[in-house]
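The lines below spell out each chain.
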Amino acid sequence: SPAFDVAALREQFPLLCAQPALVYLDNAATTHKPRAVLDAERRFYETSNANVHRSVHRLAHAATDAFENARSTIARFLNAHDAREIVFTRGTTEAINLVAQSWGRSQLHAGDEIILTMLEHHANIVPWQMLAAERGLTLRVVELQPDGSLDLAQFRQLMGSRTRLLAVTALSNAIGTRPPLREMIDTAHRHGARVLVDAAQAMAHDIIDVQDLDADFLVFSGHKVFGPTGIGALWARGDLLAGMPPWQGGGEMIERVSFSGTTYQAPPYRFEAGTPPMAQAVGLAAALDWLGALDRPALAAYEDMLRATLEHGLAALPGVRVVGTAPGKGPLVSAAFEQAHPFDVAQFLDARDIAVRVGTHCAQPLMETLQLPGTLRISLCAYNTVTEVEALLSALADTLEWLQ
Ligand code: PMP
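No experiment lies behind these values; they were computed from the predicted model shown. (Residues numbered from 1 in each chain as written. Predicted model: local features only at pLDDT ≥ 70, side-chain atom pairs only at ≥ 80, totals over all residues. Heavy atoms only, no water.)

K.L.:
Would you take a moment to explain the site of the ligand for this structure?
P.N.:
What surrounds the ligand is the set Thr92, Thr93, His121, Ala123, Thr169, Asn173, Asp198, Ala200, Gln201, Ser221, His223 and Lys224. Here an oxygen atom of the ligand and a side-chain polar atom of Gln201 are 2.7 Å apart. In this structure, an oxygen atom belonging to the ligand sits 2.8 Å away from a side-chain N or O atom of His223. Isolated, the ligand exposes 400 Å² of accessible area, and the fraction of that covered by the protein chains is 85%. The residue makeup of the shell around the ligand, split by class, is two nonpolar, eight polar and two charged. (Near = heavy atom within 4 Å. Polar contact = N/O pair within 3.5 Å; in protein donor to acceptor, adjacent residues only side chain to side chain. Areas by Shrake-Rupley, 256 points an atom, 1.4 Å probe, with all protein chains shown as cover. Nonpolar A, V, L, I, M, F, W, Y, C, P; charged D, E, K, R; others polar.)

This is how it looks when you write it as structure tokens:
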């Protein structure tokens, strides 16, 4: 596609330049980092490194400015109403645990219900199970249609007067389904329930606008959106954050501490105990600036072209089935094999320096429902090429011929 210059884009990724033979198709696990991100982290350490929010000296101000500017960049990228609606976390997992342990523990009571979907990653299941066990809550699960989309009629039946939360992924990391978020959020809100959106996979591909979505909580990880590891964020509506008690205690999050009692800072600081990942926050902001400067509609069309090319090629291979065929899928394709184990296939591909993911993708309930031991997952992103998709297809054809 002339609108999208992938060759120029690849040149911005040092790892891809250093390893030209590598075909990296495991982007749902983690993405590589453009030079802009690596430079931003290095620049922070070289010019602004000090602890934030603590000291009066010049360098501490520079660090605090860099950190708070990063927060503002993330807020702008998500179209949040206010930067104070952004809480830095270690990633998606910590952000969901924060919502469960703070909002959930203070707001949910025995008999209340949480709706999850069959598509959820373990990170959007287990924190709710832990809370449910502690509080006597009931978890309900939206089932799948045969094509891997959600059963919306069954979802509407699950909604009731005890439903307090819908926690749903924006893009399945296992089979690529994009649930109809707007419709589900509207339905949940009509029943007075809150909605948490797991945008871990969607961030690198979709334009996320939290005001337009009208969700209540949205979470993501930096490392899956071209940013550093160890950083992610929770966006939450300001009025909800204001009513949430702290979760972890320590420095930075307090207003005043005494042995007779402690008062807490306003959000977001109340939820950021201890020294935060400062350089990582700066790196994440650089990643979002980098992504935001791309032609996003052209990128989306390009990624969808790659996905369609891949699915078309897989359909021509004997004994291969694409798992999840819902319309509007993300650029992520799961494959099952009639006569080969996906682990064997992945090992053959690795011998050709083709990186894919194999297994249950932290979505064991989903794999059980699909009655699969696991799948081979090919996950694409902005820097992948048709040449890489063709290399994968050709290696897969050879591998299956050998194994079958
Ligand atoms: N949710 C989804 C949809 C994911 O794909 C992942 C990562 N595989 C997570 C949550 C967890 O993200 P992290 O491990 O970065 O906290």
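Once the structure has been displayed, the description carries forward.
K.L.:
Is there a simple way to explain the packing of aromatic side chains in this structure?
P.N.:
Two aromatic rings are characterised by how far apart their centres lie and by the angle between their planes. The final tally for this structure, using the stated rule, is ten aromatic pairs. Seen from their ring centres, Phe67 and Phe88 are 4.9 Å apart, and the 35° between their planes marks the pair as tilted. On the criterion of sequence distance, the pair formed by Phe67 in helix H4 (residues 58-77) and Phe88 in strand S2 (residues 86-89) is long-range, its members being 21 residues apart. On the accessibility criterion, Phe67 (0% relative accessible area) is buried. In this structure Phe88 comes out as buried when scored by relative accessible area, which is 6%. For the ring pair Trp103 and Phe217, a centre distance of 5.6 Å and an interplane angle of 65° mean the geometry is edge-to-face. Taken as a pair, Trp103 in helix H5 (residues 92-107) and Phe217 in strand S7 (residues 217-221) lie far apart in primary sequence, 114 residues in all. Neither residue differs from the other here; Trp103 and Phe217 are each classed as buried. (Phe/Tyr/Trp six-rings, centres within 6.5 Å; stacked < 30°, edge-to-face > 60°. Helix = DSSP H or I, 4+ residues; strand = E, 2+ residues; numbered from the N terminus. Buried < 20%, exposed > 50% of the residue type's maximum accessible area, 1.4 Å probe, protein only.)

K.L.:
For this particular structure, what's the right way to read the state of the cysteines?
P.N.:
Formally, a disulfide is one covalent bond, and it connects the sulfur atom of one cysteine to the sulfur atom of another. This structure, assessed with the given rule, holds zero disulfides. Cys362 forms no disulfide, and the closest cysteine sulfur to it belongs to Cys381, at a distance of 19 Å. On the basis of relative accessibility, which here comes to 29%, the residue Cys362 falls in the partly exposed class. Free cysteine Cys381: the closest other cysteine sulfur is in Cys17, separated by 14 Å. By relative accessible area, Cys381 is classed as buried at 0%. (Disulfide = S-S within 2.5 Å.)

K.L.:
Is there a simple way to think about the nonpolar core in this case?
P.N.:
Taken as a class, soluble globular proteins show a tendency for nonpolar side chains to be buried jointly. Core analysis: the biggest nonpolar cluster contains 111 residues, and Leu78, Leu218, Phe220, Phe226, Leu314 and Leu392 have the highest contact counts within it. In terms of residue count, the dominant contributor to this core is helix H11 (residues 278-292) (eleven residues). Ignoring anything within four residues of it in the chain, the contact list for Phe220 reads Ile74, Leu78, Gly91, Thr92, Ala199, Ala200, Met203, Val225, Gly232, Ala233, Leu284 and Leu288. Listed in part, the 27 residues of the second largest apolar core include Val87, Ile114, Ala236 and Phe271. (Core = buried A, V, L, I, M, F, W, Y, C linked by side-chain atoms within 4.5 Å. Contact = heavy atoms within 4.5 Å.)

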